[in-house]
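# Examination of the molecular architecture
Read off the chains here:
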Amino acid sequence: MGAFVKRYAMPLTFLGLFAAVWMVQALVLPPDARHAVIAWASTNLANLAVNPVGTMIASAFVAEGAQGVLLVAAAIGLFPLTRRFGNLRAVVLVAASHVLGTLVSQGIALVRLEAGLLSDSIRTIPDVGPSYVLCAALVAAFLYGHGRVRRLLALAGWCALAPVLLDGLPALEIAAVGHLVAMLAGGLIGGLLLLLERRRSAVPGTPVPGAAAGA
């Protein structure tokens, strides 16, 4: 059991924190407090202007709804991702994808706001959830994961969620743009990690993350 926890420390920690926040939202907080937490954690223009780091971290563990679906989808992506690249590199991949998804989507919204294409209410729009993380994890797990079953499971998860995650993309809606960017980032960063891994494996005696996991 200890070996399993150590091997999958990243997904277990992420999923545990998300589930704990979900329980607090559902069982402890009254409706007004839940709305206040969502407003505080949202990666919108108003919050990013005053607390960008804290907002990006908090937003990944707070959701407006469908927490059960998000939890399962994240698990389908994060466990094979960690099996493939190890805990540290899995953190780098999903964190970078989450940040890029946020910055690009909110950056486009800011440009459109300044151009008069959006109302000022866009500054405080609710924008929370681990969806950027799971987008990156599912794509990277399918492209680079070990084992056909795990990769197909990640692909099935992505196919099931993609119509919802990308809904509104033609209109450049914030969430849809962020999801697309996170998916692309997950694929590209995973490819870079794989390239680095292969270069390291060419050096005799250099350990390769995830190599002991087998195929």
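Residues numbered from 1 in each chain as written. Predicted model: local features only at pLDDT ≥ 70, side-chain atom pairs only at ≥ 80, totals over all residues. Heavy atoms only, no water.

### Re unusual backbone geometry
Backbone geometry at Ala66 places phi at a positive 55°, although glycine is not the residue there. Looking at the element boundaries, Ala66 is found in the loop between α5 (52-59) and α6 (67-85). The backbone of Leu172 sits at a positive phi, close to 60°, despite the residue not being glycine. Relative to the assigned elements, Leu172 resides in the loop between α9 (148-165) and α10 (174-201). Looking at Leu172, the relative accessible area reads 37%, which means it is partly exposed. (Helix = DSSP H or I, 4+ residues; strand = E, 2+ residues; numbered from the N terminus. Buried < 20%, exposed > 50% of the residue type's maximum accessible area, 1.4 Å probe, protein only.)

### Section: α5
Within the sequence span of α5, burial applies to Thr55, Met56, Ala58 and Ser59. As for α5, its buried residues are in contact with α3 (31-41), α4 (45-50) and α7 (87-114). (Contact = heavy atoms within 4.5 Å.)

### Here we look at the nonpolar core
Counting 41 residues, the largest nonpolar core has Phe14, Leu78, Leu81, Leu93, Val94 and Leu134 as its most contacted members. Going through the elements one at a time, α2 (9-28), α6, α7, α8 (131-144), α9 and α10 are the ones with two or more residues in this core. For this core, the element with the most residues is α8, which contributes 11 residues. With five residues, the next largest nonpolar core counts Ile38, Ala41, Ala58 and Val128 among its residues. (Core = buried A, V, L, I, M, F, W, Y, C linked by side-chain atoms within 4.5 Å.)

### Looking at α8
An α-helical turn contains 3.6 residues, so any two residues separated by three or four positions project in the same direction. Spanning 14 residues, α8 covers 20 Å between terminal C-alpha atoms, matching the ideal 20 Å at 1.5 Å per step. Across the 14 residues that make up α8, a large majority, 12, are buried. All of the buried residues along α8 are Ser131, Tyr132, Val133, Leu134, Cys135, Ala136, Ala137, Leu138, Val139, Ala140, Ala141 and Tyr144. Those residues of α8 that are buried are in contact with α2, α6, α7, α9 and α10. (Expected span 1.5 Å × (residues − 1).)

### Looking at the environment of Pro163
Considering the arrangement of structural elements, one finds Pro163 in helix α9. Taking C-alpha positions, Pro163 is 9.8 Å from Ala176, a pair spaced 13 residues apart along the chain.

### Notes on the pattern of salt bridges
In total, this model carries three salt bridges according to the counting rule given. A salt bridge links Glu197 to Arg84; the shortest N-O distance between them is 2.8 Å. With Glu197 in helix α10 and Arg84 in helix α6, this residue pair connects regions lying 113 residues apart in the sequence. Arg84 shares its class with Glu197; the two are buried. Close ionic contact of Arg123 with Asp120 constitutes a salt bridge, the shortest N to O distance being 2.8 Å. With a relative accessible area of 29%, Arg123 lands in the partly exposed category. (Salt bridge = Lys/Arg side-chain N within 4 Å of Asp/Glu carboxyl O.)

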